[in-house]
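Examining the three-dimensional arrangement
For reference, the chains in residue letters:
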Protein chains: 4
Amino acid sequence: MRLRRENHEHDEGTQRIEAFSDGVFAIAITLLIIEIAVPAVESDESLGDALFDLWPEFFAYVLSFVIIGIYWANHHSFMRLFVRADHYFLLLNVFFLMCIAFLPFPTAVLGEYLTHGEQESTAVAFYAFGLFLPAFGWLLIWLYGQWDNLIDENLDPAYDQFLTVQYLASTAVFLVCIPIALVQPYVSLAVAVGLTLLYLLPPRQRRYRTPTPDDTLER
Amino acid sequence: MRLRRENHEHDEGTQRIEAFSDGVFAIAITLLIIEIAVPAVESDESLGDALFDLWPEFFAYVLSFVIIGIYWANHHSFMRLFVRADHYFLLLNVFFLMCIAFLPFPTAVLGEYLTHGEQESTAVAFYAFGLFLPAFGWLLIWLYGQWDNLIDENLDPAYDQFLTVQYLASTAVFLVCIPIALVQPYVSLAVAVGLTLLYLLPPRQRRYRTPTPDDTLER
Amino acid sequence: MRLRRENHEHDEGTQRIEAFSDGVFAIAITLLIIEIAVPAVESDESLGDALFDLWPEFFAYVLSFVIIGIYWANHHSFMRLFVRADHYFLLLNVFFLMCIAFLPFPTAVLGEYLTHGEQESTAVAFYAFGLFLPAFGWLLIWLYGQWDNLIDENLDPAYDQFLTVQYLASTAVFLVCIPIALVQPYVSLAVAVGLTLLYLLPPRQRRYRTPTPDDTLER
Amino acid sequence: MRLRRENHEHDEGTQRIEAFSDGVFAIAITLLIIEIAVPAVESDESLGDALFDLWPEFFAYVLSFVIIGIYWANHHSFMRLFVRADHYFLLLNVFFLMCIAFLPFPTAVLGEYLTHGEQESTAVAFYAFGLFLPAFGWLLIWLYGQWDNLIDENLDPAYDQFLTVQYLASTAVFLVCIPIALVQPYVSLAVAVGLTLLYLLPPRQRRYRTPTPDDTLER
């Protein structure tokens, strides 16, 4: 009986967070296009050339769209790892969403300045910072969940550890991309694109401790 | 028992995709108006004339609104054709949504440059490309679903084939509209409008293999 | 058994429309603020004065917010009047939503030009047109529903008639506001505000034919 | 039987309000970033400096994001305090949402003018007004709910009183911040930030009258 109540509370807590997060994901991902302005073309210039010159904007649009899309796709099963939600868990989720909702801005900066010789390293470094933020927020949610015992106890400890390593590594890669960008912007961008492509692979299946037949039925 | 689990997984998979897609549809369709800027009118000019001169913007607004509306209306029953969802199915849906969310930009380009003599062919060609993208994404989802056996086996094979032909044809028409626009922009636009009007007709009813009474109950 | 299926189809049809409409209402209502630009103030000018000069923008914001809010509040019980939804019913709803999503544009025009002597009559006339459009879309949904027998047969015919008169009258008032605005813009605006205030009163309760005890249980 | 119907009506009423509010919260919170424009940097200037100079925009973004996030987090349990919803309750909620949706505008004004010597006091006063509005709307909902007996009778009267004091105090603090800003803008801002930090603490648990075992089961 106790457990059932807890489960109910948990569901209400994480389901509201999920619904709100899905809303923020959908809005942030759809707002990305707003940052691309229609080019102003004089009558003796070519609109085709002007549209072609927007390729950094289109590149930044696609990259950020895919990244927010991956966060959306993974957030659902991420939330399934937690059996309870408390006040600070909710606040950390708000922080994470703040980082996701911030992403359209560095995306616009990257699109605007990627081909501006002197500024491209700053633009890429700022974009890498924009990618670091949600990865860091995600990591914080996970570490707080472990520290506060919000995580499903039935998860295989090896799977827990795998996730810790994965989240730490992703955050570290984006963090390292910031200084790299200042020296070699295209290397930094290639690393960010590469990590994103890795995340397009199917995620590893959740693994539980040796399950009893009873567990299987419950799940 | 096996089937039930699969059905449950499917529901969770496609229902989350549907909810997220509905969000992106609603946001993209409502953002269209943001791209129309309030005209700047001097005190000796007529606001009425300035508003009237926005007719290409209003035309582009209505056309894109109706097109996204049709995608929304059909997406629900489209998703009902699939009995399972996997990781790459989800990624293809993210790609499709990226194309839908992109549409406000070519719409704004069309609205801005439709009446600019030299640029109108480029503007229409770019808009046709903007219409081609979601049609192509939709087709990819369907072809991947067939290849990976995600589609409801109870569908009448003739109905399957009808859909394949319809999706291929729509994608091809929008693709062909791109080069046509460069020569005859208004012909290209007329074809796009015509195809959209066709999609306003009621869609063909889903058809299943000869159903047993048992099937009817299940559905 | 037949009825149950129909009811189920109806629910799915109108519930999807309602969810999508709620999304468009929420987005359109929240986008209104985006149309108000931060004033550019020189260092020797007063930001306070500049903000005060935005009163037409704030007025237009509040009026359009309240109007969309009223549509949202009433749409739910409006949909409850229909027992079935078909393809053209859905299309008319898309048309209605197109009119709602359009409203931020005339709102921005009104806010920008309400205090520009020569343009204020055009601005108010265009805004009245913007209010006429969703009222007209709503009326079309209702008339189509009557014509195609989509409306709950248990409704009291007198209540049906009351609604027809109300929807016709509202649409007519906004239509008449357009020419009035060209002569007396502030009279036109006052009528629009007055009608909106009337809609803030509690709506008349739905009335059904003399219900049998059986009906009561069903509802 | 009577009670059950009322409960059902209540649920429908407040659940629709909650879903719509969650939508407006999610959109308003995600739109905040749109107000930050990509800085225009000449080729001999530093993009890094330009981004650094946006710190008032980033500060205003974070503060408003956290404030809307807190409103979202508390709105759900706030709605749980009411057992019925009527027409004016719904209208007051629309007013509250209008204040939330307005917040991106004072946020943009604060971000733009916080570091403009002569204008900073006006900018902070306007922002404090922007914070006062939703606090006032929230208070109105609560007071109307008390006056019209919409509030759950099982709540401990001491808890009721605690909430009244809390809502009145918050509204008063933001109101007082407006004149303070005109004299000491940074003091006013510090008070607003401080109150926001207080709201990051876990909210006090709802308290009911001494519950009977029966009550516990029902809840």
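Here we summarise the structure given alongside this text. (Residues numbered from 1 in each chain as written. Chains lettered and ligands numbered in written order. Predicted model: local features only at pLDDT ≥ 70, side-chain atom pairs only at ≥ 80, totals over all residues. Heavy atoms only, no water.)

Check the secondary structure of chain A and you find 9 helices and 0 strands. Helices and strands in chain A line up, N terminus first, as α-α-α-α-α-α-α-α-α. Across the 219 residues that make up chain A, the buried fraction comes to 54%. Sequence separation of at least 24 residues holds for 80% of the intrachain contacts in chain A that already meet a minimum separation of 6. (Helix = DSSP H or I, 4+ residues; strand = E, 2+ residues; numbered from the N terminus. Buried < 20%, exposed > 50% of the residue type's maximum accessible area, 1.4 Å probe, protein only. Contact = heavy atoms within 4.5 Å.)

Relating one copy of the chain to the other takes a rotation about an axis and a shift parallel to that axis. Overlaying chain B with chain A gives an RMSD of 0.0 Å, the required rotation being 90° about an axis along which the chain moves by 0.0 Å. On this basis, the relationship between the two copies can be described by a four-fold rotation axis. Among all residues of chain B, the minimum C-alpha distance to the rotation axis is found for Ile27(B), at 4.7 Å. Of all interface residues in chain B, a mere 9% are interface residues in chain A too; the two copies therefore contact each other through different surfaces. (Least-squares fit on C-alpha atoms with pLDDT ≥ 70 in both.)

What follows deals with the relation of the copies chain C and chain B. Once turned by 90° and shifted 0.0 Å along the axis, chain C lies on chain B with an RMSD of 0.0 Å. The residues that chain C uses at the interface reappear at the interface of chain B in only 10% of cases, marking distinct surfaces.

Taken together, the 31 residues of chain C in the interface contact 36 residues of chain B. Looking at the side of chain C facing chain B, the largest losses of area belong to Arg16(C), Phe20(C) and Phe105(C), adding up to 25% of the total buried there. Taken together, the connections running from chain C to chain B amount to 1 salt bridge. A salt bridge links Asp22(B) to Arg16(C); its shortest N-O distance comes to 3.1 Å. At the junction of chain C and chain B, the tally comes to 12 residue pairs in polar contact (both at pLDDT 80 or more). For the side of chain C that touches chain B, the elements supplying multiple residues, two or more each, are α1 (2-31), α4 (87-102), α5 (104-113) and α6 (120-147) of chain C. (Buried area = accessible area lost by both parts, 1.4 Å probe. Salt bridge = Lys/Arg side-chain N within 4 Å of Asp/Glu carboxyl O. Polar contact = N/O pair within 3.5 Å; in protein donor to acceptor, adjacent residues only side chain to side chain.)

The geometry of an aromatic ring pair is captured by the separation of the ring centres together with the interplanar angle, meaning the angle of the planes. In this structure the tally under the stated criterion is 104 aromatic pairs over all chains. Ring geometry for Phe78(B) and Tyr167(B): centres 5.7 Å apart, planes at 90°, overall edge-to-face. Of this pair, Phe78(B) sits in helix α3 (residues 55-79) while Tyr167(B) sits in helix α7 (residues 157-183), placing them 89 residues apart in sequence. According to the relative accessible area criterion, Phe78(B) is buried, its value standing at 1%. By the ring-pair criterion, three or more aromatic residues cluster together here, those being Phe25(A), Tyr71(A), Phe78(A), Phe82(A), Phe89(A), Phe96(A), Trp138(A), Trp142(A) and Tyr167(A). It is Arg204(A) that lies over the ring of Phe162(A); its NZ or CZ is 3.8 Å from the centre. (Phe/Tyr/Trp six-rings, centres within 6.5 Å; stacked < 30°, edge-to-face > 60°. Lys NZ or Arg CZ within 6 Å of the ring centre and 35° of its normal.)

The subject of this paragraph is the interface of chain B and chain A. Many analyses report the size of an interface as the accessible area lost when the parts associate. Contact residues are listed per partner, giving 33 residues for chain B and 38 residues for chain A. Buried area between chain B and chain A, both sides added, is near 3,000 Å², and the carbon and sulfur share of it is 75%. In terms of surface lost to chain A, no three residues of chain B exceed Arg16(B), Phe20(B) and Phe105(B), which account for 25% of the buried area on that side. Remark: the boundary between chain B and chain A carries 1 salt bridge. Counting every contact that joins chain B to chain A gives 12 residue pairs in polar contact (both at pLDDT 80 or more). The biggest single contributor to the side of chain B that touches chain A is helix α1 (residues 2-31) of chain B, with 10 residues. The residue makeup of the side of chain B that touches chain A, split by class, is 23 nonpolar, 4 polar and 6 charged. (Nonpolar A, V, L, I, M, F, W, Y, C, P; charged D, E, K, R; others polar.)

Attention now goes to a negative patch on the surface. There is a patch of like negative charges on the surface, built from Glu42(A), Asp44(A), Glu45(A), Asp49(A), Asp53(A) and Glu118(B). Summarising the element assignment, Asp44(A) is placed in the loop between α1 (2-31) and α2 (47-52). (Patch = residues over 30% accessible without salt bridge, like charges linked within 9 Å, V, L, I, M, F, W, Y side chains within 5 Å. Areas by Shrake-Rupley, 256 points an atom, 1.4 Å probe, with all protein chains shown as cover. Lys, Arg positive; Asp, Glu negative; His and termini not counted. Charge placed at Lys NZ, Arg CZ, Asp CG, Glu CD.)

Relative placement of two packed helices is described by the angle separating their axes and the distance separating the axes. Running from amino to carboxyl end, helix α4 (residues 87-102) of chain A crosses helix α3 (residues 55-79) of chain D at an angle of 135°, the nearest separation of the two axes being 10 Å. Of the possible angle classes, the one that applies to α4(A) and α3(D) is oblique. Along this stretch, α4(A) crosses α3(D), giving a crossing that reads as right-handed. On the side of α4(A), the interface is formed by Leu90(A), Val94(A), Leu97(A), Met98(A), Ala101(A) and Phe102(A), while α3(D) contributes Phe58(D), Tyr61(D), Val62(D), Phe65(D), Gly69(D), Trp72(D) and Ala73(D). Looking at the contact of α4(A) with α3(D) residue by residue, the classes come out as 12 nonpolar, 1 polar and no charged. (Axes fitted to C-alpha atoms, helices over the stretch in contact; angles between N-to-C directions. Parallel < 35°, antiparallel > 145°, perpendicular 65-115°, else oblique. Left-handed = near helix turned anticlockwise from the far one by under 90°.)

A separate point is the environment of Val191(C). With respect to the helices and strands, Val191(C) occurs in helix α8 (residues 185-199). Contacts of Val191(C), omitting those with residues within four sequence positions, involve Val173(C) and Cys177(C).

For the rest of this paragraph, the subject is helix α8 (residues 185-199) of chain A. Residue and element names in this part refer to chain A. Look at α8: 21 Å from first C-alpha to last across 15 residues, which is about the 21 Å you get at 1.5 Å a residue. Listed as buried for α8 are Pro185, Ser188, Leu189, Ala192, Leu195 and Thr196. The arc that holds the buried residues of α8, viewed along the axis, is 125°, so those residues lie on one side. Away from its buried face, by an angle of more than 90 degrees, α8 presents the exposed residues Leu197 and Leu198. Next to the buried residues of α8 lie α3 (55-79), α5 (104-113), α6 (120-147) and α7 (157-183). (Expected span 1.5 Å × (residues − 1). Arc of directions from axis to C-beta.)

What follows deals with unusual backbone geometry. Excluding glycine, residues mostly carry a negative phi; peptide bonds, for their part, are mostly trans. Of note, Asn149(A) is a non-glycine position whose phi angle comes to about 55°, a positive value. In this fold, Asn149(A) is placed in the loop between α6 and α7.

Residues and elements named next belong to chain B. Compared with an ideal rise of 1.5 Å per residue, which puts 16 residues at 22 Å, helix α4 (residues 87-102) spans 23 Å between its outermost C-alpha atoms and is within 8% of the ideal. Where burial is concerned, most of α4 is hidden: 14 out of the 16 residues are buried. The residue sitting at the N-terminus of α4 and contributing the capping side-chain oxygen is Asp86; that oxygen lies 3.3 Å from the backbone nitrogen of Tyr88.

Let us look at the environment of Ala123(B). Within the secondary structure, Ala123(B) sits in helix α6 (residues 120-147). For the pair Ala123(B) and Gly194(B), spaced 71 residues apart in the sequence, the C-alpha separation amounts to 18 Å. Apart from residues lying up to four places away in sequence, Ala123(B) is in contact with Leu47(A), Val109(B), Leu110(B) and Tyr113(B).

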